[in-house]
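Structure assessment
Given next are the chains, with one letter for each unit.
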Amino acid sequence: MPKDDSLSFLLSLELVPQNFIITFVLMETKQQYDIAIIGAGPAGCSAALTLQDSRLKVALFEKNEFPRQKICGDGICDRSINTLRAINPQYLEEFLSTQTYQKIRNTRIVYKNKSYVVDFKNFGYACKRYEFDNFLFSLVKRDCQNMSIPQNTAVTSLQRDSDGFVLTAQNNALYHAKIVLICSGAASSLARSASGASFDRNKMGVAIRAYYRGVKDLQEGTIELHYKKQYFPGYLWIFPLADGIANVGFGWHLGQPSQEKIQDAMYNWIQQDETLRQRFSDAQQISLLQGGLIPYNTTDFNCYGDNYCICGDSANLIDPISGGGIGSAMLSGHFAAQIAEKAIMTGDCSKNVTKEYAEMLRKRVQSEMKTRYSIQQKITNHTWLLDVLAFVGKQTKILNCIKKWYLE
Ligand SMILES: Cc1cc2nc3c(=O)[nH]c(=O)nc-3n(C[C@H](O)[C@H](O)[C@H](O)COP(=O)(O)OP(=O)(O)OC[C@H]3O[C@@H](n4cnc5c(N)ncnc54)[C@H](O)[C@@H]3O)c2cc1C
């Protein structure tokens, strides 16, 4: 925001206190919004799309420029698809008719050289995040023309005032919003500054991925999850994408007690396992191996307060077993937007209203997350349970149980 040239002139007159002038000038130059959404990933775009018909003044801030890369396994699960449909059924049709993807039909779980195929009806789609996120963002650009959508604009700090938050962006530009939806991804310092929560390594995974061409025996529509006791809840995945490309990745707990580097663990696994070595013998890694954090959900939902809601990875909404978070991110953005609109319309942006967002999440997400987290903890502490699961794995009941863990 351009500095007001008259400021130095007014100060030089020394007729009024400097603080007053500075406050006055800043108030004058701040853009005022009802709702500010920070981050245009799946959570932020879902929030923006949900607000497209509102008459409110909304801004969506994004620190990068689209299309932008997002490191991911590219598994777009059921919950993402259902949320897209809930926002507007037309969007799902558009996704299916314009994007490149593979429908996921089965999951192959591999443990100790044995594989178990779980048949997932309607699990979702494997689609590069570069494309999926750009698809969501282009819907926002097209259908939310009443919004302000600054790209290359990182919000660097949030400061509470009597009527909401003052947002400072790059170049010290200032904005004001009555309610802020923090959708800025994993380990968000903005979320921590609003909620006072601290960064907790014990609730964090880390994962890496690269694209490969020429991996043998990929089966169309079948994603693969390979497990080893020492890395649980982490696993190695191979997700086939369109055009013979596979997304190959590996994740583990951030506090994994291991001397290995994560990339060595992944490459060594592929090299030391005879079947995988054979399958990768002619494969070509066609991208960098890159990674990111996996803030998985434990049991606490630190996601709302006076004048704010926290969504997606910023609220640690990743599934503690599958590591999937796109669906919960989209659903949380969709819910938070509805509550933010209600808060503005009723003139009450306090936590009395924003807690309704947490309640919606609790009903739809938290009870299953709680179960999954307790399963994750039990298996992590008693890895022999994996042998038990593998032993009975061919039985339908157990497969259905595993299916439940992964279905979103
Ligand atoms: C290696 C890896 C593999 C994964 N695989 C899968 C998978 O297969 N399926 C699945 O469902 N999930 C997967 N996940 C998790 C998934 O990527 C996240 O759960 C999902 O991206 C969360 O969406 P979000 O909108 O909350 O955050 P993000 O997608 O991270 O979006 C946040 C956005 O905010 C912007 N931003 C950040 N800070 C600021 C700021 N200060 N100001 C303005 N903008 C800002 C960022 O540029 C970004 O665009 C994986 C994660 C990793 C690391």
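Provided above is the structure to which this section pertains.
Okay, so let's go over this structure. (Residues numbered from 1 in each chain as written. Predicted model: local features only at pLDDT ≥ 70, side-chain atom pairs only at ≥ 80, totals over all residues. Heavy atoms only, no water.)

As for helix α11 (residues 351-381)
Operational definition: Under the DSSP-based scheme used, a helix requires at least four consecutive residues in state H or I and a strand at least two consecutive residues in state E, with every element numbered from the N terminus. Expected span of a helix, by definition, is 1.5 Å for each gap between consecutive residues, and there is one gap fewer than residues. The term bend refers to the angle at a residue between two fitted axes, each drawn through seven residues, those ending there and those starting there.
If you check α11, its first and last C-alpha atoms are just 37 Å apart, much less than what 31 residues at 1.5 Å a residue would give, namely 45 Å. Of all bends in α11, the biggest is about 50 degrees, found at Arg362.

Structural notes on the environment of Gln290
For clarity, the cut-off: For every residue, the accessible area (1.4 Å probe, protein chains only) is compared with the maximum for its type, and the residue is labelled buried under 20%, exposed over 50%, or partly exposed between those bounds.
Tracing the backbone shows Gln290 in strand β14 (residues 290-295). Here Gln290 falls in the partly exposed class, since its relative accessible area comes to 31%.

Here's the deal with helix α10 (residues 326-346)
When the terminal C-alpha atoms of α10 are compared, their 30 Å separation across 21 residues agrees well with the 30 Å that a helix rising 1.5 Å per residue should span. In terms of burial, α10 is largely enclosed, as 16 of its 21 residues are buried. Once α10 finishes, Gly347 follows within two positions and takes phi at roughly 75 degrees, a positive value.

Overview of the site of the ligand
To be explicit about the condition: Nearness is defined per residue: one heavy atom within 4 Å of the molecule or strand is enough. In protein, a polar contact means a hydrogen-donor-capable atom and an acceptor-capable atom, both N or O and within 3.5 Å, with residues adjacent in sequence counting only if both atoms are side-chain atoms; elsewhere, any N or O pair within 3.5 Å suffices.
Neighbouring the ligand are 39 residues; Glu62, Gly73, Gly75, Arg129 and Asp313 lie closest to it. At a separation of 2.9 Å, a nitrogen atom of the ligand approaches a polar backbone atom of Gly75. In this structure, an oxygen atom belonging to the ligand sits 2.9 Å away from a side-chain N or O atom of Arg129. Contributing elements (two or more residues each) for the shell around the ligand: α3 (42-50), β11 (235-240), β14 and α10. When residues in the shell around the ligand are grouped by element, the largest group, three residues, is from β14.

Taken by themselves, the reported measurements are silent on function.
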